[in-house]
Amino acid sequence: MIFDKILGNIKDMCHHEHEHEHTHSHDEHHIHIEKIFLESDELLKRVLRVVSDHGNEYGISLPKGSEMKDGDILFNDGHNIIIVSVKEDDVIVISPRDINEMGEIAHNLGNKHLPVQIEDGKIIIQYDYLVEKFLQDNNIIFERKNLKLKQGFRHVDHSH
């Protein structure tokens, strides 16, 4: 089977469930969720061959400009729902104290060509020993976490 579009996100479906919490129909218990686990950088690919957690093999072939996110629904016939689930990435979440520290960190990371995401004033990068050491040496606040990233890191091309 080939999935060629994203039908929405499971997180949005959950909100509707809560509104009708008191009217438990028996149908919802028959819904069966199958997951396709992807690495965060695979979300950027539009064409993939995947194997679900049930061992079924599928193809994904999305239109240009589509980007999958954690919880995206690829198939839903009312009984079976197949969703994308992102594997967690080992990341460092840096909390700069001010704009100067932010600049210093950004400069240092820029030299290492690591893909960076910035969210709510925090810098998120894939775990890297040298960066961890730089942060410790410069007394910068950071945490190492396993996070599900909202989108994959764009890979920096090292070929040139």
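Quick summary incoming for the structure in this document. These figures come from a predicted structure and were not determined experimentally.

Per the counting criterion, the structure on display carries nine salt bridges. For the salt bridge of Arg 97 with Glu 101, the shortest nitrogen-to-oxygen distance reads 2.7 Å. By relative accessible area, which is 11% here, Glu 101 ends up buried.

In this section: the environment of Ile 33. Looking at the element boundaries, Ile 33 is found in strand E2 (residues 32–38). When the C-alpha positions of Ile 33 and Asp 53 are compared, they lie 9.8 Å apart, and in sequence the two are 20 residues distant. Residues in contact with Ile 33, not counting those within four places in the same chain, are Ile 10, His 54, Ile 81 and Ile 83.

Moving on, we get to the pairing of strand E7 (residues 89–94). Burial analysis of E7 places five of its six residues in the buried class, which makes it a mostly covered element. Here six bridges tie E7 to strand E10 (residues 142–147), and the two strands are oriented antiparallel to one another. Within E10, the position partnered with Val 93 by the bridge is Glu 143. As paired elements, E7 and strand E9 (residues 122–126) share four bridges and run antiparallel to each other. When the sheet's bridge partners are listed, Val 91 is paired in E9 with Gln 126.

Okay, the sheet that holds E2 next. Strands in a sheet are paired, the pairing made by backbone hydrogen bonds, and the direction either parallel or antiparallel. Read across the open sheet, the three strands follow the order E2-E6-E5; overall the sheet is mixed. The open sheet terminates on both sides in strands that have one partner only, identified here as E2 and strand E5 (73–76). The mean inter-strand angle of the sheet, taken between neighbouring strand axes irrespective of direction, is 20 degrees. Across three bridges, the pairing between E5 and strand E6 (residues 80–86) is antiparallel. Residue pairing for E6: Phe 75 is matched across the bridge by Ile 82.

With that out of the way, let us pick up the pairing of strand E3 (residues 47–51). A one-sided burial pattern is seen for E3, the buried positions being Leu 48 and Val 50 and the unburied ones Val 47, Arg 49 and Val 51. Bridge count between E3 and strand E4 (residues 57–61): five bridges; the pairing is antiparallel. Looking at the pairing, Val 51 lines up with Glu 57 of E4. Turn length for the E3-E4 hairpin, with the two strands adjacent in sequence and antiparallel, is five residues, and the turn residue Gly 55 shows positive phi of about 80 degrees.

Reading the values: the criteria
- Residues numbered from 1 in each chain as written.
- Predicted model: local features only at pLDDT ≥ 70, side-chain atom pairs only at ≥ 80, totals over all residues.
- Heavy atoms only, no water.
- Salt bridge = Lys/Arg side-chain N within 4 Å of Asp/Glu carboxyl O.
- Buried < 20%, exposed > 50% of the residue type's maximum accessible area, 1.4 Å probe, protein only.
- Helix = DSSP H or I, 4+ residues; strand = E, 2+ residues; numbered from the N terminus.
- Contact = heavy atoms within 4.5 Å.
- Pairing = 2+ DSSP bridges.
- Axes fitted to C-alpha atoms, helices over the stretch in contact; angles between N-to-C directions.

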